[in-house]
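# Architecture and fold: a report
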Amino acid sequence: MRLLLTSGGVTNASIEGALVDLLGKAVAESHGLCIPTAQWGHPMCGPASVRGLVAAEPGWRHLTGLGWASLGVLELTALPTIGPDRWAPWVRAADVLLVHGGDATYLCHWVRQSGLVDLLPSLTETVWVGVSAGSMVMAPRIGDYFVEWPGAPDDRTLGVVDFAIFPHLDLFPTNTMAHAERWAAGLDVPAYVIDEETAIVVADGSVRVVSEGRWRRIEPGAGA
């Protein structure tokens, strides 16, 4: 897949330009499915935040509120009850999957349980736009620091990319660069520390950072 991995969504012109490049057409001509599933696994999320995402309320203007040609909802926890013959065509028809944050281990569990994980390799023209946990789930690990779901067996996630992501740099008191360095010290993969104005683009076998803010790559063993 083509990946746009963000902390806060499409927050500036540089990230929007990267999104349009990945889509190959304007946002207004693109059809999306939003995935709220990760929210159910995080104690700070719930019905009100899911409603905000689905309704593209002002707080979600950087993801579902971008002016898509159409926007549907794909709730991964429902997919095992209806089968891929029904839901797989919906996914294949979408230009973009908008995957919101919450708990990345919970999201990983349902990407696997739903069967979506088996479809991902064939979605070569589809763009995955992740926000926070929606980006982190693509990493091989997220570190114990970010595991909030009590049902998580460990911090392992999908491993689609070979690096980890520390989102929301400087947005919260617990998300400083010093926190990120300590987090990275417990990992065995490279890590990107990104703020709300930064995105990681993965396409055609390459990885690049698009940013109007602050970011850092930390190599294994280089954390504090």
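Look a little higher up for the structure.
The present account deals with the structure reproduced in this document. Every chain is numbered independently, its residues counted from 1 as its sequence is written. The predicted nature of this model means local features are confined to residues of pLDDT at least 70 and side-chain atom pairs, given and counted, to a pLDDT of 80 or more, with totals for whole chains, interfaces and linings taken over all residues. Hydrogens are left out, water is left out, and the side-chain values use all remaining heavy atoms of the structure.

### Quick look at the side chain of threonine 105
Working definition: helices are DSSP H or I runs of at least four residues, strands are E runs of at least two. Numbering for both runs from the N terminus. Residue position: threonine 105 is located in helix α4 (residues 104–114). The cut-offs for exposure are 20% and 50% of the maximum accessible area for each residue type, with area from a 1.4 Å probe on protein chains only; residues under the lower value are buried, those over the upper are exposed, and the others partly exposed. The exposure class of threonine 105 is buried, given its relative accessible area of 5%. Any N or O atom pair separated by 3.5 Å or less is treated as a polar contact, with the protein-specific requirement of one donor-capable and one acceptor-capable atom, and with residues adjacent in sequence counted only for side-chain atom pairs. In this structure the side chain of threonine 105 is engaged in a polar contact, spanning 2.3 Å, whose partner is the side chain of aspartate 103.

### Considerations on the nonpolar core
To qualify as a nonpolar core, a set must consist of buried Ala, Val, Leu, Ile, Met, Phe, Trp, Tyr and Cys residues joined through side-chain atoms within 4.5 Å. Leu5, Leu76, Val91, Leu116 and Trp128 are the most contacted members of the largest nonpolar core, which has 54 residues in total. Contact definition: two residues touch when any of their heavy atoms are within 4.5 Å. Once residues within four sequence positions are removed from consideration, leucine 76 is found in contact with Ile35, Thr37, Leu107, Trp110, Val111, Ser114 and Leu116. One finds Val10, Leu22, Trp68 and Val127 within the second-largest nonpolar core, a separate group that totals 22 residues.

### Side note on unusual backbone geometry
Non-glycine residue serine 132 carries a positive phi angle of around 55°. Positionally, serine 132 belongs in the loop between β5 (127–131) and α6 (133–136). For serine 132, a relative accessible area of 11% gives the class buried.

### What about the layout of surface pockets?
Cavities and pockets were defined on a 1 Å grid built from protein atoms only: a cavity is a group of points that admits a 1.4 Å probe but offers it no way out, a pocket is an open group of points flanked by protein on both sides within 12 Å along at least five of seven lines, and a lining residue is one with an atom within 4 Å of any such point. Grid points are joined across faces, edges and corners, and a volume is the space filled by probe spheres set on the points. Roughly 830 Å³ of internal volume is contained in the largest pocket. Taken together, 30 residues form the lining of the largest pocket, with His42, Gly102, Ser132, His168 and Phe172 sitting closest to its centre. Residues belonging to the lining of the largest pocket are distributed by class as follows: 13 nonpolar, 15 polar and two charged. Throughout, the ten residues Ala, Val, Leu, Ile, Met, Phe, Trp, Tyr, Cys and Pro are labelled nonpolar, Asp, Glu, Lys and Arg are labelled charged, and all others, Gly among them, are labelled polar.

### Looking at the sheet that holds strand β10 (residues 215–218)
One key point about sheets: their strands pair by backbone hydrogen bonds, in either a parallel or an antiparallel sense. Here, a strand pair is defined by DSSP locating no fewer than two bridges between the strands. A sheet is described by the order of its strands in space; here three strands give the open sequence β6-β7-β10, paired in mixed fashion. The open sheet has two edge strands with one neighbour each: β6 (164–166) and β10. On average, each strand axis in the sheet is inclined to that of its neighbour by 20°, with strand direction left out of account. When strand β7 (residues 191–194) meets β10, the two strands line up antiparallel, connected through four bridges. Between N-to-C directions, angles span 0 to 180 degrees; the directions come from axes that are lines fitted to C-alpha atoms, helices contributing only their stretch in contact.

### Details of the pattern of salt bridges
One side-chain nitrogen of Lys or Arg within 4 Å of one carboxyl oxygen of Asp or Glu is enough to make a salt bridge. Throughout the structure, instances matching the rule amount to nine salt bridges. Residue arginine 141 is joined to aspartate 155 by a salt bridge in which the shortest nitrogen-to-oxygen separation is 3.1 Å. One end of the pair, arginine 141, is in the loop between α6 and β6; the other, aspartate 155, is in the loop between α6 and β6, and 14 residues separate them in sequence. Glutamate 181 is the salt-bridge partner of arginine 216, the closest N and O atoms lying 2.5 Å from each other. Of the two residues, arginine 216 is situated in strand β10 and glutamate 181 in helix α7 (residues 177–185); the sequence distance between them amounts to 35 residues. Through salt bridges with shared partners, a single network forms among Arg141, Asp155 and Asp188.

### Here's the deal with the sheet that holds strand β9 (residues 206–211)
Spatial ordering of the open sheet is given by β3-β2-β4-β5-β1-β8-β9, a layout of seven strands whose pairing is mixed. Each edge of the open sheet is held by one strand with a lone partner, namely β3 (70–73) and β9. Taking each pair of neighbouring strands and ignoring which way they run, the sheet shows an average axis angle of 20°. Alignment of strand β1 (residues 2–6) against strand β8 (residues 198–203), held across four bridges, turns out to be antiparallel. Each bridged residue has a counterpart across the sheet, and for leucine 5 the counterpart in β8 is isoleucine 200.

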